[in-house]
Each structure stands twice: as C-alpha cells, then as structure tokens.
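The chain contents come next:
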Amino acid sequence: MDAVHLPVTPAGTLQQTVYQYSLSVVLPDFIAQMLLPQQAFFTAQYGYVCSAPRLNMACFKANEALEDTLLRYLHRIAGMQQALPLTLNNYSGVPEHSVYVRLQEHTAFRQWVRALQPVADYITGNGFPAMQMIMHPRLPIAAGLPPQVYHKAITHYSQQVFYAAFTATEWVLIKEQPALPDSRPLCKFHLL
C-alpha cells in the first residue's frame with residue numbers, strides 16, 4: 001500500500017471559518033403564532049418558502065475566536081438596557097424584494113442599536129467588515145423575492161391588518177455557517 005503525503009500547513013496560517021451572526025429581539029410565541037398563517041398563505045399563494053421571522057438589531061461576520069469577548073460585551077450591554085414595549089402594526093414592503101410588518105418604536109429601538117457600538121468597534125478592530133446596524137427595524141414576512149412575486153404579494157398584504165404589542169425582554173445572538181441553511185441560537189441576553 002502506498003503512503004499518501006499531504007502538505008502540512010503551519011498552525012498560524014490556518015484559516016478559521018467566518019460565520020454570519022445576527023443579534024435579534026426574542027419574539028414572544030404568540031407573535032410567531034400570528035405570523036405562521038400569514039407565512040403559510042404566502043407559501044401557498046406565491047410558492048415562496050418564508051424563513052422564521054426575526055426582528056434583527058445587527059448583523060456581522062466574525063470567527064469563533066472572537067465569540068467569548070463578543071458574548072461578554074453583549075451581556076454587559078444588554079444588562080444596561082431597559083426592556084421596551086414594542087408595537088408591530090400593519091404590513092409594508094421594500095420595493096421590489098421584501099414584505100414585512102412595521103415596528104412603530106424606531107427611536108427606542110435605535111437606542112439599543114447605538115449601544116452596540118463597542119461590539120461594532122471590536123469586530124472591525126479585528127479585521128472583519130463593519131457591523132450592519134439596523135436603524136430602520138422591520139419584521140420580514142418574506143425577503144429576497146423576485147419582482148413579480150413582490151408586486152403580487154404587496155398588493156395583497158397592503159390591504160391586510162396586523163397588530164401586536166409586547167414587551168421585549170431578551171435579545172438572542174444567532175450564528176449561521178456560510179453555505180448551510182441552518183442557524184442556531186448561540187446565547188440569550190436578558191434586559192433590565
């Protein structure tokens with residue numbers, strides 16, 4: 001049997017996988033239950049499978065080597081933030097690709113997002129792209145739609161009513177591996 005010789009890469013030059021992270025508001029179960037029939041209708045009517053609804057605050061890329069420090073920063077920041085009453089009210093769209101439920105409390109939500117600046121600085125300081133901070137929050141029903149699907153869907157949803165109010169008491173950091181469809185919650189952060 002012939003031996004196979006593989007090239008050896010020095011440990012310092014190994015590339016770590018870069019993951020996509022999303023920091024989102026934890027939605028109460030009743031909100032998900034309200035949206036499930038809407039998403040099922042969307043899939044049946046337009047043939048587009050909707051992803052789980054997320055009220056994102058920020059998205060960024062990093063590797064696992066940064067996770068411990070990121071988690072400490074996020075625990076500290078969340079521990080200084082007040083829980084917020086939030087209201088979701090009616091549907092809207094981003095032409096020509098997304099249908100979403102509107103969030104009413106932009107100002108209070110933006111204060112949370114601004115508090116994430118130390119995390120954003122840490123990420124860019126370690127050579128990763130800038131954190132995408134969501135200043136115009138929305139709860140997507142369907143995103144990345146082809147224009148013809150968007151136009152049909154927005155005509156329907158613009159005539160529908162949606163209302164839900166809740167108090168946001170937790171954030172969750174979600175980790176996704178590139179090119180894989182699954183994501184997993186990494187950690188929850190409790191607010192004051």
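Because the structure is predicted, anything quoted here is derived from the model rather than measured.

K.L.:
Any chance you could explain the packing of helix 2 (residues 67-78) against helix 4 (residues 117-125) here in plain terms?
P.N.:
A pair of packed helices is captured by two measures, namely the crossing angle of their axes and the spacing between those axes. Contact pair helix 2 / helix 4: the axes reach a minimum separation of 9 Å and the direction vectors enclose 165°. It follows that helix 2 is roughly antiparallel to helix 4 by the angle criterion. Crossing geometry of helix 2 relative to helix 4 is assigned as right-handed. Between helix 2, through T69, L70, Y73, L74 and I77, and helix 4, the contact on the second element is made entirely by P118, V119, Y122 and I123.

K.L.:
I tried to follow the nonpolar core on my own but got confused; where do I start?
P.N.:
Formed by 56 residues in total, the largest nonpolar core has its most connected members in F42 and W171. For F42, the contacting residues outside a window of four places in its chain are G47, Y48, C50, V99, I141, A142, L145, V149, A153 and Y157.

K.L.:
Is there a simple way to think about the pairing of strand 7 (residues 163-168) in this case?
P.N.:
Remark: a regular strand shows side chains that alternate across the two faces of the sheet. Side-chain alternation along strand 7 places A164, F166 and A168 on a buried face and Y163, A165 and T167 on a face that remains uncovered. By the bridge criterion, six bridges tie strand 3 (residues 84-94) to strand 7 in an arrangement that is antiparallel. Following the sheet pairing, L86 is matched in strand 7 by F166.

K.L.:
For this particular structure, what's the right way to read unusual backbone geometry?
P.N.:
Note: most residues except glycine have negative phi, and most peptide bonds are trans. In this structure, the amide linkage connecting P95 to the following residue, E96, adopts the cis form with an omega of -5°. The residue E96 is located in the loop between strand 3 and strand 4 (98-103) in this model.

K.L.:
Would you mind showing me how to read the packing of helix 1 (residues 29-46) against helix 5 (residues 147-157) here?
P.N.:
One way to put it is that helix 1 packs onto helix 5 with a least axis distance of 11 Å and a crossing angle of 135°. Considering their axes alone, helix 1 and helix 5 lie oblique with respect to each other. Classified by chirality, the crossing of helix 5 by helix 1 is right-handed. Across from Q38, F41, F42 and Y46 in helix 1, the residues of helix 5 making contact are V149, K152, A153, H156 and Y157. Class assignment for the residues of the contact of helix 1 with helix 5 results in six nonpolar, two polar and one charged.

K.L.:
Explanation requested: the state of the cysteines in the structure shown.
P.N.:
Every disulfide links exactly two cysteines, by a covalent bond between their sulfur atoms. In the structure shown here, the tally under the stated rule is zero disulfides. Free of any disulfide, C59 has its nearest neighbouring cysteine sulfur in C187, separated by 17 Å. Overall, C187 belongs to the buried group, its relative accessible area being 17%.

K.L.:
It is not clear to me how the confidence of the model for the protein should be interpreted in this structure. Could you clarify?
P.N.:
A low pLDDT score tells you not to read the predicted coordinates there in detail. With 92% of its residues at a pLDDT of 70 or more, the protein shows a mean pLDDT of 90. Across the protein, the element-wise mean pLDDT spans from 92 in helix 1 up to 98 in strand 5 (residues 132-133). Under a pLDDT of 50 for its full length, residues 1-14 has, in the predicted model, one contact with residues more than four places off or in other chains.

K.L.:
Explanation requested: the packing of aromatic side chains in the structure shown.
P.N.:
The geometry of an aromatic ring pair comes down to the distance between the two centres and the angle between the two planes. Evaluation of the coordinates by the stated rule reveals 12 aromatic pairs. Centre to centre, the rings of Y19 and Y21 are 6.4 Å apart; their planes meet at 65°, and the pair counts as edge-to-face. In this pair, the class of Y19 matches that of Y21, namely buried. A connected cluster of aromatic rings, assembled from ring pairs, spans F41, F42, Y46, Y48, Y91, Y157 and F162. Against the face of Y100 rests R138, its NZ or CZ located 4.5 Å from the ring centre. The residue whose ring lies beneath K175 is Y19, and the NZ or CZ to ring-centre distance is 4.3 Å.

K.L.:
Sorry, what's going on with the sheet that holds strand 9 (residues 183-190) here?
P.N.:
To summarise the sheet geometry, strands pair through backbone hydrogen bonds and adopt either a parallel or an antiparallel arrangement. Spatially, the five strands line up as an open sheet ordered 5-2-1-8-9, and their pairing is antiparallel. Looking at strand neighbours, the two that pair on one side only are strand 5 and strand 9, the edges of this open sheet. Relative to strand 2 (residues 55-63), strand 1 (residues 18-25) is paired through eight bridges, and the arrangement is antiparallel. Paired with V18 across the strands is N63, a residue of strand 2. Its contacts with the sheet place helix 2 against strand 1, strand 2, strand 8 (170-176) and strand 9, and it is angled at close to 40° to strand 9.

Criteria and thresholds
- Residues numbered from 1 in each chain as written.
- Predicted model: local features only at pLDDT ≥ 70, side-chain atom pairs only at ≥ 80, totals over all residues.
- Heavy atoms only, no water.
- Axes fitted to C-alpha atoms, helices over the stretch in contact; angles between N-to-C directions.
- Helix = DSSP H or I, 4+ residues; strand = E, 2+ residues; numbered from the N terminus.
- Parallel < 35°, antiparallel > 145°, perpendicular 65-115°, else oblique.
- Left-handed = near helix turned anticlockwise from the far one by under 90°.
- Contact = heavy atoms within 4.5 Å.
- Core = buried A, V, L, I, M, F, W, Y, C linked by side-chain atoms within 4.5 Å.
- Buried < 20%, exposed > 50% of the residue type's maximum accessible area, 1.4 Å probe, protein only.
- Pairing = 2+ DSSP bridges.
- Nonpolar A, V, L, I, M, F, W, Y, C, P; charged D, E, K, R; others polar.
- Disulfide = S-S within 2.5 Å.
- pLDDT = per-residue confidence, 0-100.
- Phe/Tyr/Trp six-rings, centres within 6.5 Å; stacked < 30°, edge-to-face > 60°.
- Lys NZ or Arg CZ within 6 Å of the ring centre and 35° of its normal.

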